[in-house]
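Structural description and commentary
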Amino acid sequence: MKATHFGAGNIGRGFIGLLLHQSGYEVEFVDVNETVIDEINKEKAYRVILANEEKQAFQVKGVSGINSGQAPEAVIQAISTANLVTTAVGPHILKFVAPLIAEGLKKRMQANSQPVNIIACENMVGGSSELKKHVLEKLTADEAAWVQEHVGFPNSAVDRIVPNQHNEKLLDVLVEPFHEWVIDSTELKGTKPDIKEALFVENLQAYIERKLFTVNTGHAATAYLGNLAGHTTIADTISDEKIKQAVLGTLEETGKVLIAKYAFQADEHQKYIEKIIGRFANPNIIDDVQRVGRAPLRKLGAKDRLVAPALEYMNEFDQVPEHLVNVIVAALKFVSEEDQESLTLKEKVQEKGVGPAFSEITGLTLDHPLVEKVVALY
Ligand SMILES: NC(=O)C1=CN([C@@H]2O[C@H](COP(=O)(O)OP(=O)(O)OC[C@H]3O[C@@H](n4cnc5c(N)ncnc54)[C@H](O)[C@@H]3O)[C@@H](O)[C@H]2O)C=CC1
Ligand SMILES: O=P(O)(O)OC[C@H]1O[C@](O)(CO)[C@@H](O)[C@@H]1O
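Residues numbered from 1 in each chain as written. Chains lettered and ligands numbered in written order. Predicted model: local features only at pLDDT ≥ 70, side-chain atom pairs only at ≥ 80, totals over all residues. Heavy atoms only, no water.

We now examine the overall build of the chain. If you tally the helices and strands in the chain, you get 17 helices and twelve strands. With the principal axes as the frame, the chain shows a C-alpha extent of 60 × 50 × 45 Å. Looking at the chain as a whole, 55% of its 378 residues are labelled buried. When contacts within the chain are restricted to residue pairs at least 6 apart in sequence, those whose partners lie at least 24 apart make up 71%. As displayed, the chain has an accessible area near 16,400 Å², and 48% of this comes from carbon and sulfur atoms. Once the 39 positive and 52 negative side-chain charges of the chain are each reduced to a mean point, those two points are 3 Å apart. (Helix = DSSP H or I, 4+ residues; strand = E, 2+ residues; numbered from the N terminus. Buried < 20%, exposed > 50% of the residue type's maximum accessible area, 1.4 Å probe, protein only. Contact = heavy atoms within 4.5 Å. Areas by Shrake-Rupley, 256 points an atom, 1.4 Å probe, with all protein chains shown as cover. Lys, Arg positive; Asp, Glu negative; His and termini not counted. Charge placed at Lys NZ, Arg CZ, Asp CG, Glu CD.)

Here it is in structure tokens:
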């Protein structure tokens, strides 16, 4: 079995590549990073190391790489024969990989009628659906009809903390021991892919929202509040009791929304929150607040981890979620010289003022109660 995976970065190598290799797939990585692709083709293997006391290591062997900038034809060929296609490139990059995937599917249409599934493994709701939309835009009506029949785009939720890497060997990846890959079984085409340790479910929306509005909201809250307080790592920040309480308060608010929406058991959900706080505190991971806070414009989006649960909270309980508002304000103040989005955000706030900037980012009107509350606290 052969899998073509877009994005040989932290999640690509440290999570998806590892699980696919362990499930018997030969993994072909597609990336625009020449150094990483050259190294993959030279070494044909890398190690995934667990960030625990034992530092247990797993070998991922038999891998190869394609530089999509230099060899697009090779990517098209790979997609035409792959048994599975996955991505971990970042939500904003999906539209850039879609044209090559569309070309690959056109080629497949002529030579290979085997159904195939394409799974976006990104931190967003509906990642594969969005990728599908971009792919269909590149096809004629006949080609699109073939794709609708033969190609599944099941959405998925991926959860594993993979920080910035500081290893001796370029391809090695240090990852947290915990991982969860949940895939929507209702959107699959053909036989279910055999991916060991992936969970196939019919109610993905509940899983993905629980994950995005707990793990990712909690992580982002820790990063933004930590950055503002002068902490540099997530573990340091979460050991600051005042910030830990603010993060717990934020997750209590998102938890109320999730429990009301999906009828999760309150005590089970509390255990889920506590486990996540424990993951943030992992002393074997040095995770920069600047990495976790990256891309604040995306993270402040109306459908993302801060504003979406805040709006749902207001709709459901007719109250402003004070902790979420506090985190949104911290996010609006996030600046990292290495993160272009944060610099654009800074400029936007300076030029337009915080209300108009937040209103533009979220699409909410200036007199929306959430905008007013954010402006007042800012
Ligand atoms: N790092 C983490 O802890 C987690 C990340 N995620 C999600 O996984 C996705 C990837 O994140 P990371 O692996 O952390 O980022 P990363 O930056 O380590 O990896 C992204 C990779 O995509 C490549 N790329 C960029 N443009 C490309 C293109 N046009 N074609 C092919 N490859 C391209 C980059 O060169 C890079 O190697 C994101 O959606 C992120 O939200 C999800 C859960 C955890
Ligand atoms: O690009 P994003 O949304 O920050 O995704 C990566 C985030 O996801 C997390 O793994 C949580 O799942 C964090 O480690 C990380 O900050």
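Structure shown, so let's carry the discussion forward.
Ligand 1 sits among 24 residues. The nearest are N10, I11, D31, E122 and V162. One of the side-chain nitrogen or oxygen atoms of D31 is found 2.7 Å away from an oxygen atom of ligand 1. N123 is positioned with one of its side-chain polar atoms (N or O) 3.5 Å from an oxygen atom of ligand 1. With the chains in place, 83% of the 830 Å² that ligand 1 exposes on its own is no longer accessible. Looking at the shell around ligand 1, the elements that each hand over two or more residues are α1 (10-22) and β2 (26-31). By residue class, the composition of the shell around ligand 1 is 13 nonpolar, six polar and five charged. (Near = heavy atom within 4 Å. Polar contact = N/O pair within 3.5 Å; in protein donor to acceptor, adjacent residues only side chain to side chain. Nonpolar A, V, L, I, M, F, W, Y, C, P; charged D, E, K, R; others polar.)

This part takes up the UniProt feature "binding site: NAD(+)" (unreviewed entry) in the chain. The positions that UniProt labels "binding site: NAD(+)" (unreviewed entry) are, in the present scheme, A3, T4, H5, F6, G7, A8, G9, N10, I11, G12, R13 and G14. You can see N10 is positioned in helix α1. Those residues in contact with N10 that lie beyond four places of it in its chain are F15, V162, P163, N164, Q165 and V173. In this structure, G12 sits in helix α1. The residues contacting G12, other than those within four sequence positions of it, are H5, G7, G17, F29, Y46 and A88. (UniProt positions renumbered as here; feature names shortened; annotations may be inferred.)

Here the focus is the pairing of strand β9 (residues 156-159). The alternating pattern of β9 places S156 and V158 on one face and A157 and D159 on the opposite face, and all of these are buried. Looking at chain direction, β9 and strand β11 (residues 180-184) are connected through four bridges and run antiparallel. Bridge pairing links D159 to E180 in β11. (Pairing = 2+ DSSP bridges.)

Moving on, we get to the sheet that holds strand β3 (residues 45-50). Strand order in this open sheet of three strands is β4-β3-β10, and the pairing throughout is mixed. Of all strands in the sheet, those with a lone pairing partner are β4 (57-61) and β10 (173-175), marking the two edges. Strand-to-strand twist of the sheet, defined as the mean angle between neighbouring strand axes without regard to direction, takes the value 25°. Note: β3 against β4, five bridges, orientation antiparallel. Paired with R47 across the bridge in β4 is Q59. (Axes fitted to C-alpha atoms, helices over the stretch in contact; angles between N-to-C directions.)

Where helix α4 (residues 94-111) contacts helix α5 (residues 127-137), the two axes come as close as 8 Å, and the packing angle between them is 60°. Relative to α5, the element α4 lies oblique. The element α4 and its partner α5 pack so that their crossing is right-handed. Packed against α4, whose contacting residues are L94, K95, V97, A98, I101, A102 and L105, the element α5 presents G127, L131, H134 and V135 at the interface. (Parallel < 35°, antiparallel > 145°, perpendicular 65-115°, else oblique. Left-handed = near helix turned anticlockwise from the far one by under 90°.)

Next up on the list: the domain arrangement of the chain. In many analyses, interface size is given as the accessible surface area lost on bringing the parts together. Domain boundaries assigned for the chain yield domain 1 (2-202) and domain 2 (205-377). For domain 1 and domain 2, the distance between their C-alpha centroids amounts to 28 Å. Listed as interface residues are 26 residues of domain 1 and, on the opposing side, 22 residues of domain 2. Across the interface of domain 1 and domain 2, roughly 2,000 Å² is buried in total on both sides, 57% from carbon and sulfur atoms. Three residues, N123, V125 and I161, lead the burial of domain 1 against domain 2; their summed loss comes to 27% of the area buried on that side. The interface formed by domain 1 and domain 2 holds two salt bridges in total. (Domains from an automatic or database assignment. Buried area = accessible area lost by both parts, 1.4 Å probe. Salt bridge = Lys/Arg side-chain N within 4 Å of Asp/Glu carboxyl O.)

Under the counting rule described, the total for this entry stands at five aromatic pairs. In this arrangement the basic side chain of R160 is found over the ring face of F15, its NZ or CZ atom lying 5.6 Å from the centre. Across the ring face of Y272, the terminal group of R210 is positioned such that the distance to the ring centre comes to 4.2 Å. (Phe/Tyr/Trp six-rings, centres within 6.5 Å; stacked < 30°, edge-to-face > 60°. Lys NZ or Arg CZ within 6 Å of the ring centre and 35° of its normal.)

Sequence positions flagged by UniProt for "domain: Mannitol dehydrogenase N-terminal" (unreviewed entry) are, in local numbering, residues 1-196. Between the C-alpha atoms that bound residues 1-196 there is a distance of 14 Å. The span itself is 37% helix and 25% strand.

The next point concerns the site of ligand 2. The immediate surroundings of ligand 2 are formed by 14 residues, with N123, R291, R294, R298 and K299 found nearest. Contact distances for ligand 2 include 2.6 Å between an oxygen atom and a side-chain N or O atom of N123. A distance of 3.4 Å separates an oxygen atom of ligand 2 from a polar backbone atom of R160. Contact with the protein chains covers 92% of the free accessible surface of ligand 2, which is 380 Å².

Applying the stated criterion across every chain yields a total of 16 salt bridges. Across the pair R279 and E176 runs a salt bridge whose closest N-O atoms are separated by 2.5 Å. Placement of the pair is R279 in helix α10 (residues 266-280) and E176 in the loop between β10 and β11, with a sequence separation of 103 residues. Across the pair, E176 and R279 agree in class, each one buried.

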